[in-house]
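Take a look at the letters that make up each chain.
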Amino acid sequence: MEIWINPACSKCRSALTLLDAEGAEYTVRRYLEDVPSEDEIREVLDRLGLEPWDITRTQEAVAKELGVKAWARDAGSRERWVKALAEHPKLIQRPIITAEDGTAVVARTDDAVRDALSREG
């Protein structure tokens, strides 16, 4: 499994602590430094079963600068959102855990982290 984190994020640190406590094997991706490509973002969205606006941090300063809250949330606008997430990774909700079974979860709670762990088979 891989976990996308921002080390400054308390929810990310909490998820790592829980993964360690459970003895999970995982790879850390500091996505602000190792920025996901548009294709990687699309793949994670598919695994999450979510749309890009579902994982966008709309309160971030850059989100306000871009005016994302006013953007359409439809199939025709999907690529605009994906491009914004790739160009401004700070907009990506965190942490995201990709599980070995091909799914992913936005792991902002201990329960969500445990859900990801349960998918490891």
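Residues numbered from 1 in each chain as written. Predicted model: local features only at pLDDT ≥ 70, side-chain atom pairs only at ≥ 80, totals over all residues. Heavy atoms only, no water.

Caption draft 1: Seen up close, the environment of Arg-47. Looking at where Arg-47 falls in the secondary structure, it is placed in helix H2 (residues 38-48). Within polar-contact distance, the side chain of Arg-47 engages the backbone oxygen of Thr-103 at 3.4 Å. (Helix = DSSP H or I, 4+ residues; strand = E, 2+ residues; numbered from the N terminus. Polar contact = N/O pair within 3.5 Å; in protein donor to acceptor, adjacent residues only side chain to side chain.)

Caption draft 2: Geometry of the nonpolar core. Of all hydrophobic cores here, the largest spans 21 residues; its most connected members are Ile-41, Ile-55, Ile-92 and Ile-96. Within the residue set of this core, elements represented by two or more residues are H2, helix H3 (61-66) and helix H4 (78-87). Residues Met-1, Leu-16, Ala-107 and Ala-112 belong to the second largest nonpolar core, which totals 17 residues. (Core = buried A, V, L, I, M, F, W, Y, C linked by side-chain atoms within 4.5 Å. Buried < 20%, exposed > 50% of the residue type's maximum accessible area, 1.4 Å probe, protein only.)

Caption draft 3: Inspection of the side chain of Arg-94 at higher detail. Locating Arg-94 in the fold gives a position in the loop between H4 and strand E3 (96-98). The side chain of Arg-94 sits in the buried core without any salt bridge; Glu-60 is the nearest counter-charge, 4.4 Å away. Setting aside its immediate chain neighbours within four residues, Arg-94 contacts Trp-4, Asn-6, Cys-9, Cys-12, Tyr-31, Arg-57, Glu-60 and Arg-108. (Lys, Arg positive; Asp, Glu negative; His and termini not counted. Salt bridge = Lys/Arg side-chain N within 4 Å of Asp/Glu carboxyl O. Contact = heavy atoms within 4.5 Å.)

Caption draft 4: Quick look at the pattern of salt bridges. As enumerated under the stated definition, the model contains 11 salt bridges in all. With a shortest N-O distance of 2.9 Å, Arg-29 and Glu-40 are connected by a salt bridge. Placement of Arg-29 in strand E2 (residues 27-30) and of Glu-40 in helix H2 is noted, with a sequence separation of 11 residues between them. Among the ionic pairs, Arg-47 bridges to Glu-43, the shortest N-O distance being 3.5 Å. Placement of both Arg-47 and Glu-43 in helix H2 is noted, with a separation of 4 residues, approximately one turn of the helix. Several salt bridges share partner residues, and in doing so they unite Glu-38, Asp-39, Arg-42 and Glu-79 into one network.

Caption draft 5: Focus on the packing of helix H1 (residues 10-21) against helix H5 (residues 110-118). Two elements in contact, H1 and H5, have axes whose closest approach is 10 Å; the angle formed by their N-to-C orientations is 45 degrees. As the angle between them shows, H1 and H5 are arranged oblique. H1 and H5 meet at a crossing whose hand is right-handed. Residues Ser-14, Ala-15, Leu-18 and Leu-19 of H1 form the contact with H5, whose own contacting residues are Asp-110, Val-113, Arg-114 and Leu-117. A per-class count over the contact of H1 with H5 returns 5 nonpolar, 1 polar and 2 charged. (Axes fitted to C-alpha atoms, helices over the stretch in contact; angles between N-to-C directions. Parallel < 35°, antiparallel > 145°, perpendicular 65-115°, else oblique. Left-handed = near helix turned anticlockwise from the far one by under 90°. Nonpolar A, V, L, I, M, F, W, Y, C, P; charged D, E, K, R; others polar.)

Caption draft 6: Summary view of the packing of H2 against H4. Remark: H2 packs on H4, axes separated minimally by 9 Å, with the N-to-C direction vectors making an angle of 115 degrees. Looking at the two axes, H2 sits roughly perpendicular to H4. The interaxial crossing formed by H2 with H4 has right-handed handedness. Here H2 contributes Glu-38, Ile-41, Arg-42, Leu-45 and Asp-46 to the contact with H4, which in turn contributes Arg-78, Glu-79, Val-82, Lys-83, Leu-85 and Ala-86. Residues belonging to the contact of H2 with H4 are distributed by class as follows: 5 nonpolar, no polar and 6 charged.

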